[in-house]
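Topology and contacts: notes
Chain residues, written in single-letter form:
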Amino acid sequence: MGREVSESCVDSLLTEMVSSYCNRLYANKPELAAPRIEAIGYQVGHQLSERYTMERPRFSDHLEAIKFICKDFWSELFKKQIDNLKTNHRGTFVLQDNKFRWLSHMSVDPSSENGSTVEDNSVAAGESKATQATSMHLYFPCGIIRGALSNLGIPCAVSADISNLPACSFVIRIKA
Amino acid sequence: MIVCVAVVGHQNNPLYIQSFTEADDALKLHHIVHCSLDVVDERVNNPKKSGPTLNETFLGLLYPTENYKVYGYLTNTKVKFILVTTDLDVRDADVRNFFRRFHAAYVDAVSNPFHVPDKKITSRTFAERVSNIVKSFGLSSAG
């Protein structure tokens with residue numbers, strides 16, 4: 001039953017998708033690349049949630065659905081669960097993954113890291129550029145989460161936060 | 001014998017409806033399916049009256065009519081499956097088994113990247129698979 005997908009292929013596909021949207025398809029309009037990548041993730045999440053919820057009872061509330069995302073859905077996708085879930089009980093959830101698989105093989109460009117000899121300004125600029133490049137790779141998983149939850153009847157907005165690689169957190173805000 | 005199966009989206013929009021009779025009674029069957037949607041809503045909104053387990057996807061017998069029995073199934077994604085059968089003594093296990101296979105076929109159909117979510121399912125493969133499942137339902141309940 002279980003079909004296997006090569007992990008490195010998925011890694012390359014993600015990197016390639018981000019780079020072709022950012023550098024080729026929407027090189028002139030960088031603000032359009034992110035929504036497009038997010039939309040692809042949305043469709044993937046939408047379809048995956050249909051499959052992974054097949055054999056289980058319906059969720060009675062939002063928290064149960066979020067827990068499903070943290071545990072079963074994440075295990076199916078990344079072979080691990082979310083490490084930490086926080087909520088303010090008013091519709092905001094923070095899912096923290098201490099070793100996010102799709103970022104674990106990524107490193108920051110050394111030219112921006114060994115910037116101690118350069119001016120502080122350019123160090124900051126280089127860092128923010130690297131952060132921006134990494135965050136482009138998080139639009140896809142954000143879309144997946146949003147797609148899965150909306151298919152389960154929970155409209156929401158999802159954003160991602162990189163604290164220090166490869167840890168990252170996803171913030172889910174449920175729309176009232 | 002199963003006379004009609006239907007897939008209904010979360011806004012009660014028909015996604016797929018197929019009858020399996022020789023006679024020209026499609027309209028009547030569609031009407032039965034239509035009526036059953038209210039029963040599904042009622043079951044879901046009053047969970048104390050719903051089937052054996054709370055929030056189970058299989059909703060059991062929705063209502064019997066003179067000639068038909070109507071069964072329902074509601075997925076986690078709020079998609080309803082309706083089954084209309086003429087068999088009067090159907091085993092629950094058979095119906096459960098039918099819905100499980102039907103659900104698998106549905107999931108495969110909507111996972112097609114060319115399928116547009118919330119639009120009618122036009123896949124021929126899906127239609128074939130459904131008619132196979134429907135045919136084998138008769139066999140398993142006879143045997």
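Residues numbered from 1 in each chain as written. Chains lettered and ligands numbered in written order. Predicted model: local features only at pLDDT ≥ 70, side-chain atom pairs only at ≥ 80, totals over all residues. Heavy atoms only, no water.

1. Looking at the overall build of chain B
Selection rule: Helix and strand definitions here come from DSSP, where helices need a minimum of 4 consecutive H or I residues and strands a minimum of 2 consecutive E residues; each element is numbered from the N-terminal end. The quantity called the radius of gyration is restricted to C-alpha atoms. Its globule counterpart is 2.2 Å times the number of residues to the power 0.38. For every residue, the accessible area (1.4 Å probe, protein chains only) is compared with the maximum for its type, and the residue is labelled buried under 20%, exposed over 50%, or partly exposed between those bounds.
The helix and strand tally for chain B stands at three helices and five strands. The C-alpha radius of gyration computed for chain B amounts to 14 Å, which stays within 12% of the reference 15 Å derived for 143 residues, consistent with globular compactness. By principal-axis analysis of the C-alpha atoms, chain B measures approximately 40 × 35 × 30 Å. Counting every position in chain B, which comprises 143 residues, the buried fraction comes to 45%.

2. Comments concerning the sheet that holds strand β2 (residues 14-19) of chain B
All names here are of chain B. Selection rule: At least two DSSP bridges between two strands are needed for those strands to be called paired. What counts as an axis is a line fitted to C-alpha atoms, over the stretch in contact for a helix, and the angles between N-to-C directions run from 0 to 180 degrees. Residue contacts are defined here by distance: any two heavy atoms, one from each residue, within 4.5 Å place the two residues in contact.
Read from one edge of the open sheet, five strands run β2-β1-β5-β4-β3, paired in antiparallel fashion. Strands at the two margins of the open sheet, each flanked by one partner only, are β2 and β3 (58-64). Each strand axis lies, on average, 15 degrees off the axis of its neighbour in the sheet, ignoring direction. Pairing analysis gives six bridges linking strand β4 (residues 69-74) to strand β5 (residues 80-85), with the strands arranged antiparallel. Counted as the bridge partner of Val70 is Val84 from β5. Seen against the sheet, helix α1 (residues 26-45) touches β1 (2-8), β2, β3, β4 and β5 and runs at an angle of roughly 125 degrees to β3.

3. Regarding α1(B)
All names here are of chain B. The line we're drawing: Expected span, for any helix, means 1.5 Å times one less than how many residues it has.
When the terminal C-alpha atoms of α1 are compared, their 29 Å separation across 20 residues agrees well with the 28 Å that a helix rising 1.5 Å per residue should span. Those residues of α1 not exposed but buried are Leu29, Ile32, Val33, Ser36, Leu37, Val39, Val40 and Arg43. Buried positions along α1 lie against β1, β2, β3, β4 and β5.

4. Concerning the nonpolar core
Residues and elements named next belong to chain A. Let me state the cut-off plainly: Put simply, a nonpolar core is a bunch of buried Ala, Val, Leu, Ile, Met, Phe, Trp, Tyr and Cys residues held in one set by side-chain atoms that sit within 4.5 Å of each other.
Counting residues in each nonpolar core, the largest one holds 39 residues, and the members touching the most others are Leu95, Phe100, Leu149, Phe170 and Ile172. The set of elements that each furnish at least two residues to this core consists of α1 (7-25), α2 (30-52), α3 (62-78), β2 (92-97), α6 (139-151), β3 (156-162) and β4 (168-174). Sorting elements by how many residues they give to this core places α3 first, with eight residues. In this view, Leu95 contacts Ile66, Ile69, Cys70, Ile82, Asn84, Leu85, Cys168, Ser169, Phe170 and Ile172; residues no more than four positions away in its chain are not counted.

5. Regarding the environment of Tyr21(A)
All names here are of chain A. Mapped onto the elements of the fold, Tyr21 is located in helix α1. A residue is classified by how much of its surface remains accessible, and Tyr21, at 14% relative accessible area, is buried. Residues Tyr21 and Ala34, spaced 13 residues apart in sequence, show a C-alpha to C-alpha distance of 8.3 Å. Apart from the residues lying within four places of it in its own chain, the contact partners of Tyr21 are Tyr26, Ala27, Ala33, Arg36, Ile37 and Ile40.

6. Side note on the sheet that holds β2(A)
Residue and element names in this part refer to chain A. What the four strands build is an open sheet, ordered β1-β2-β4-β3; its pairing is antiparallel. Each edge of the open sheet is held by one strand with a lone partner, namely β1 (84-87) and β3. For this sheet, the mean inter-axis angle between neighbouring strands, taken without regard to orientation, is 20 degrees. Judged from the four bridges that link them, β1 and β2 form a sheet pairing that is antiparallel. The residue bridging Asn84 from the neighbouring strand is Gln96, located in β2. Its contacts with the sheet place α6 against β3 and β4, and it is angled at close to 155 degrees to β3.

7. Digging into the interface of chain B and chain A
The test is simple: Reported buried area values correspond to the accessible surface (1.4 Å probe) lost by two parts on association, with both partners' losses combined. One speaks of a salt bridge when a side-chain nitrogen belonging to Lys or Arg is within 4 Å of a carboxyl oxygen belonging to Asp or Glu. For the purposes of these results, a polar contact is taken to be a pair of N or O atoms within 3.5 Å, where, inside protein, one atom must be able to donate a hydrogen and its partner to accept one; residues adjacent in sequence count only when each atom of the pair is a side-chain atom.
With 24 residues of chain B at the interface, the matching set in chain A holds 15 residues. Both faces considered, chain B and chain A share a buried interface measuring about 1,700 Å² in area, 47% of it formed by carbon and sulfur atoms. When residues of chain B are sorted by the area they lose upon contact with chain A, Asn55(B), Asn76(B) and Thr77(B) head the list and together hold 39% of the total. Where chain B meets chain A, there are one salt bridge. Here Asp108(B) makes a salt bridge to Arg51(A), at a shortest N to O gap of 2.9 Å. Seen at the junction of chain B and chain A, the total is eight residue pairs in polar contact (both at pLDDT 80 or more). If you list the elements that add at least two residues to the side of chain B that touches chain A, you get β4 and α2 (92-110) of chain B.

8. Some points on unusual backbone geometry
Most peptide bonds adopt trans geometry, and most residues besides glycine take a negative phi value. Residues and elements named next belong to chain B. Here the phi dihedral of Asn12 falls at roughly 60 degrees; this positive angle occurs in a residue that is not glycine. As for its position among the elements, Asn12 is in the loop between β1 and β2. Its relative accessible area of 32% is what places Asn12 among the partly exposed residues.

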